[in-house]
Amino acid sequence: MGRRIIIGIVLAVIAVSYTYFSSEEQDVPVTGRQQRVAMSDEQQQQLGLQAYDQTLAEEQENVVSSGAQHDQVQRVAKRIAKVGGEDKPEFDWDVTLLQRDEANAFCLPGGKIVVFTGLLDVAKTDDELATVMAHEVAHAVAEHGAERIFREQLTSRAVTAASGAFADDPQRYVQVASLLGAGAQFGLSLPWSRAQESESDHIGLIYMARAGYKPEAAITFWTRMSKAGGGSVPEYLATHPSGATRIKQIQGWIPEAKREAREDPA
Ligand SMILES: [Zn+2]
């Protein structure tokens, strides 16, 4: 092994250690997993709000602001946000329904939710709609975006340091951060890791139970979603794993969800 390579590795280790230990460790709600994230709650909220405003401005003519579907989305979001807000009281929750054929929904960092009307063709009941909303809200509450950016930082700083230029790289940070905004802009969720998806399934199930919805609806909904044909559904599935393993995992969490169930969420 050449001397330069060894120096590169040493610098990479120093850079990664510095980034890692200068971040704060925190617990994910519900699962209690310890995580490190790249941004403060306030930074995440600003980023989310920016992406939300941008989405609404670009999709102005598609915003659904009245009618049965609008009312349903508002009704379910209100209950899920109330539960999510117990873990993230500083989030500023809001939901917008957009007229779009895709079966999709996402929740931005900070609590802004966007739902496409195409989702309401697959989610037949309030309980099923709550399944998706709680899952998306869980991604935001568990700060999966900021966690992902933190991992990106670790990688990029290791690469930067190894190449001999050990310097903080705000440009890279901005690049990755803008990925979140871009995701919202195109109505796509970030491609979460498998572990993050599982965690959101778990937290989401607990949240829907706490909000007074039937956790069993998650089974019927995700099963239908994975079987649903049509041009719009595969796009959501591209970013969200499905299949027997996922259903089995959700079934395993149902007893816990039932213990968390609240009959009368005022
Ligand atoms: Zn997800």
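Residues numbered from 1 in each chain as written. Predicted model: local features only at pLDDT ≥ 70, side-chain atom pairs only at ≥ 80, totals over all residues.

Student: Teacher, can you tell me more about the overall build of the chain here?
Tutor: Looking only at helices and strands, the chain has 11 helices and six strands in total. Counting across all 266 residues of the chain, residues that qualify as buried make up 41%. Pairs at least 24 residues apart make up 75% of the contacts formed inside the chain by residues separated by at least 6 positions. (Helix = DSSP H or I, 4+ residues; strand = E, 2+ residues; numbered from the N terminus. Buried ≥ 20, exposed ≤ 12 C-beta atoms within 10 Å, placed from the backbone. Contact = placed C-beta atoms within 7 Å.)

Student: Explanation requested: the environment of Gly111 in the structure shown.
Tutor: Position of Gly111 relative to the elements: it lies in the loop between β5 (105-107) and β6 (112-116). Residue class for Gly111 comes out buried when judged on the 25 C-beta atoms lying within 10 Å of it. Spatially, the C-alpha atoms of Gly111 and Asp92 are 5.7 Å apart, while their sequence positions differ by 19 residues. Apart from residues lying up to four places away in sequence, Gly111 is in contact with Ala81, Phe91, Asp92, Trp93, Asp94 and Ala140.

Student: Whenever I open this one, the environment of Glu90 confuses me. Can you help?
Tutor: Mapped onto the elements of the fold, Glu90 is located in the loop between α3 (68-87) and β4 (94-98). C-alpha separation for the pair Glu90 and Gly110, spaced 20 residues apart in sequence, amounts to 8.1 Å.

Student: I keep staring at the nonpolar core and nothing clicks. Help me out?
Tutor: Within the largest apolar cluster, 52 residues are counted, with the highest numbers of intra-cluster contacts made by Ile80, Met133, Val137 and Tyr207. Counting residues per element, this core draws most heavily on helix α5 (residues 126-141), which supplies nine residues. Apart from residues lying up to four places away in sequence, Tyr207 is in contact with Ile80, Val83, Gly84, Ala134, Val137 and Ala138. Counting five residues, the second-largest nonpolar core is a separate cluster that includes Val37, Ala38, Ala146 and Ile149. (Core = buried A, V, L, I, M, F, W, Y, C linked by C-beta atoms within 7 Å.)

Student: Just to check I follow, could you spell out the sheet that holds strand β3 (residues 63-64) for this structure?
Tutor: Strand-to-strand pairing in sheets goes through backbone hydrogen bonds, with the strands running parallel or antiparallel. Strand order across the open sheet formed by four strands is β3-β4-β6-β5, with mixed pairing between neighbours. Unpaired on one side and paired on the other, β3 and β5 mark the two borders of the sheet. One ladder, built from five bridges, connects β4 with β6; its direction is parallel. The residue of β6 that forms the bridge with Val95 is Ile113. Against the sheet, helix α2 (residues 41-58) contacts β3, β4 and β6, and its axis sits at roughly 35° relative to β6. Contacts from α5 reach β5 and β6, with the element oriented near 35° to β5. (Pairing = 2+ DSSP bridges. Axes fitted to C-alpha atoms, helices over the stretch in contact; angles between N-to-C directions.)

Student: How should I be thinking about unusual backbone geometry in this particular structure?
Tutor: A positive phi angle, near 70°, is found at Val30, a position not held by glycine. Structurally, Val30 is set in the loop between β1 (25-27) and β2 (34-36). Even without glycine at this site, Glu143 takes up a positive phi of about 55°. Relative to the elements of secondary structure, Glu143 occurs in the loop between α5 and α6 (144-162).

Shape is all these values report; function is a separate question.
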